[in-house]
Amino acid sequence: MATLSGGITGLPNAGKSTIFNALTRGGASVADYPFCTVSPNTGVAVLPDPRLEKLANLIKPQVVTPATIEVVDVAGLIKGAHKGEGLGNEFLSRIRGVDVLIHLVRCFEGKIPHPEGSIDPIRDIETIKIELFLSDLNIIQRRLTRLNKLLKSPIKQSDKTIIEILHKVEKALNQGVYPEKVISSHEYQLIKQEGFLSLKPVIYVANISEEDIESPSTHIRRLREFAKKEGFELIEVCAQLEMELAEFPDDERQSFLKEMGIKERAVCKLAREIARKLNLITFFTITGGKEVRAWTIKEGSLAVEAAGKVHSDIKKGFIKAEVIDVEDLLEVGDFKKARAEGKVKLEGREYKVRDGDVIHFHFV
Ligand SMILES: Nc1nc2c(ncn2[C@@H]2O[C@H](COP(=O)(O)OP(=O)(O)OP(=O)(O)O)[C@@H](O)[C@H]2O)c(=O)[nH]1
Ligand SMILES: [Mg+2]
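Remember, predicted model here, so these are calculated numbers, not experimental data.

J.: When you look at helix H2 (residues 50-59) in this model, what are you seeing that I'm missing?
T.: Since the α-helix turns once every 3.6 residues, residues separated by three or four places project in the same direction. Regarding H2, the residues found buried are Arg-51, Leu-52, Leu-55 and Ala-56. End-on, the buried residues of H2 take up no more than an arc of 135 degrees, which puts them together on one face. Turned more than 90 degrees off the buried face of H2, the exposed positions are Glu-53 and Asn-57. A side-chain oxygen of the first residue of H2 lies 2.9 Å from the backbone nitrogen of Arg-51; this N-cap is Asp-49. Where H2 ends, the next residue or the one after it, Lys-60, has phi of about 50 degrees, a positive value.

And the structure:
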């Protein structure tokens with residue numbers, strides 16, 4: 001099973017590496033000149049889950065292991081990227097490899113150079129959108145040229161269908177419309193393998209300054225309205241602050257957040273949104289009193305696939321799975337007791353895992 005990942009994209013100096021570091025506490029270089037990120041940085045971000053904490057409080061294991069999601073710091077795209085400007089093609093091909101785009105847009109003011117010379121988040125969103133669309137149009141045109149050659153010989157119905165869908169997508173892109181608005185989910189399935197950037201799910205993230213948390217600037221207010229009009233959710237993050245917070249010891253971080261009146265860190269919200277957009281659900285395992293662990297798996301996965309996630313031996317020797325919803329287990333307070341009360345269900349390989357399942361695998 002390939003690991004699904006979210007790729008952080010946006011203009012140079014939008015704060016991508018900073019947010020990447022805050023998410024992963026990794027060591028991507030942060031600098032105030034464009035293109036300091038040249039090689040792809042891949043890291044894992046913890047997926048915060050209050051259910052795991054509750055479960056750990058109940059079991060009191062030696063180790064608590066949260067689920068993680070993969071995040072890639074893709075690096076900056078600039079105007080003309082589709083023609084190869086500023087390492088454009090290389091970056092675009094990296095974006096093609098991720099499953100969700102985390103589109104970071106700069107809202108913070110300050111001395112850090114902006115590639116366009118001024119702060120204008122809506123313009124920046126459009127710039128990136130146009131680059132992604134133009135890059136897809138290049139691919140479509142190449143694909144159509146190849147497919148149209150086939151038209152001279154007897155052509156398969158399946159190829160004809162693809163040509164029709166590609167024309168639809170091409171038309172939408174030329175009009176600046178996201179192609180998902182014009183194709184059905186069945187049509188999407190047929191062209192999914194093309195890896196179009198314009199069809200990847202997007203999470204819009206505004207990189208705001210610390211002052212904006214209390215009183216949002218005009219840029220942010222305009223951007224919020226734009227998001228509302230366009231129908232997308234906007235996550236506001238102060239990348240700089242989040243990165244500093246990531247460096248704090250846990251207790252200092254907690255008291256700082258309390259002082260600031262912040263209920264939840266924006267990076268936690270972002271991590272959860274990435275998992276949601278990747279269609280990931282969480283299941284839990286308890287290894288004796290030793291470890292309580294959260295795992296993510298694609299929605300719709302079977303018990304045997306969940307077993308494989310934990311260990312290939314468990315998958316190979318899979319006999320059955322004992323399953324209980326985490327909330328039910330927390331209510332009863334003990335796995336054995338829950339089993340005695342008939343609240344633990346016995347499931348086979350084909351059982352479809354649900355978000356929040358605590359699973360005890362039996363295997364040979
Ligand atoms: N004031 C302020 N500065 C920030 C913020 N986020 C990032 N920066 C600064 O902006 C500069 C660029 O940040 P990076 O994270 O390196 O930007 P990037 O998008 O990765 O840039 P490239 O890799 O060159 O495309 C650094 O000096 C950061 O410290 C923020 O929220 N507020
Ligand atoms: Mg960077």
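J.: It is not clear to me how the nonpolar core should be interpreted in this structure. Could you clarify?
T.: It is characteristic of soluble globular proteins that their nonpolar side chains tend to be buried jointly. In terms of nonpolar packing, the biggest core is built from 45 residues, with Leu-166, Ile-191 and Leu-223 touching the most fellow members. Those elements giving two or more residues to this core turn out to be helix H3 (88-96), strand E5 (100-106), helix H4 (121-150), helix H5 (157-174), strand E6 (202-207), helix H8 (218-230) and helix H9 (239-247). At 10 residues, the largest contribution of residues to this core is made by H4. Ignoring anything within four residues of it in the chain, the contact list for Leu-166 reads Ile-140, Arg-143, Leu-144, Leu-147, Ile-191 and Phe-196. Counting 41 residues, the second largest nonpolar core, distinct from the first, contains Ala-67, Ile-69, Ala-266 and Val-358.

J.: Is there a simple way to explain empty space enclosed by the protein in this structure?
T.: Here the idea is plain: a probe the size of a water molecule rolls over the atoms and shows the empty space left. Going through the model one piece at a time under the given rule, you end up with 1 cavity of 30 Å³ or more. Looking at the largest cavity, its volume works out to about 60 Å³. Taken together, Leu-101, His-103, Ile-125, Ile-128, Lys-129, Leu-132, Tyr-178, Leu-197, Ser-198, Lys-200, Val-202 and Tyr-204 make up the full set of residues lining the largest cavity. Those elements that provide at least two residues to the lining of the largest cavity are E5, H4 and E6. Its residues placed into classes, the lining of the largest cavity shows 8 nonpolar, 2 polar and 2 charged.

J.: What is the right way to look at the layout of surface pockets in this model?
T.: Its boundaries defined by the atoms lining it, the largest pocket holds a volume of some 870 Å³. If you go around the largest pocket, you meet 31 residues; those closest to its centre are Val-46, Pro-48, Arg-253, Arg-265 and Cys-268. For the lining of the largest pocket, the secondary structure elements donating two or more residues are helix H1 (16-24), strand E2 (41-46), H2, helix H10 (250-260) and helix H11 (266-277). A per-class count over the lining of the largest pocket returns 17 nonpolar, 4 polar and 10 charged.

J.: I keep staring at the pairing of strand E9 (residues 291-298) and nothing clicks. Help me out?
T.: Side chains on a regular strand alternate between the two faces of the sheet. Looking at chain direction, strand E3 (residues 63-65) and E9 are connected through 3 bridges and run parallel. Residue pairing in the sheet places Val-63 in a bridge with Glu-291 of E9. Bridge count between strand E8 (residues 280-287) and E9: 8 bridges; the pairing is antiparallel. In the sheet register, Ile-281 faces E9, and the bridge partner there is Ile-297.

J.: Help me out: how do you make sense of unusual backbone geometry in this one?
T.: Backbone geometry follows two general trends: most residues other than glycine have a negative phi, and most peptide bonds adopt the trans configuration. In this structure, Asn-13 is a non-glycine residue whose phi angle is positive, near 65 degrees. Mapping Asn-13 onto the fold places it in the loop between strand E1 (5-9) and H1. With a phi angle near 50 degrees, Lys-60 is a residue other than glycine that sits in the positive phi range. As for its position among the elements, Lys-60 is in the loop between H2 and E3. Its relative accessible area of 64% is what places Lys-60 among the exposed residues.

Basis of the calculations
Residues numbered from 1 in each chain as written. Chains lettered and ligands numbered in written order. Predicted model: local features only at pLDDT ≥ 70, side-chain atom pairs only at ≥ 80, totals over all residues. Heavy atoms only, no water. Buried < 20%, exposed > 50% of the residue type's maximum accessible area, 1.4 Å probe, protein only. Helix = DSSP H or I, 4+ residues; strand = E, 2+ residues; numbered from the N terminus. Arc of directions from axis to C-beta. Polar contact = N/O pair within 3.5 Å; in protein donor to acceptor, adjacent residues only side chain to side chain. Core = buried A, V, L, I, M, F, W, Y, C linked by side-chain atoms within 4.5 Å. Contact = heavy atoms within 4.5 Å. 1 Å grid on protein atoms, 1.4 Å probe; cavity = no way out; pocket = protein on both sides within 12 Å on 5 of 7 lines; lining within 4 Å. Points joined across faces, edges and corners; volume = space filled by probe spheres on them. Nonpolar A, V, L, I, M, F, W, Y, C, P; charged D, E, K, R; others polar. Pairing = 2+ DSSP bridges.

Purely spatial values, then, with no claim about function.
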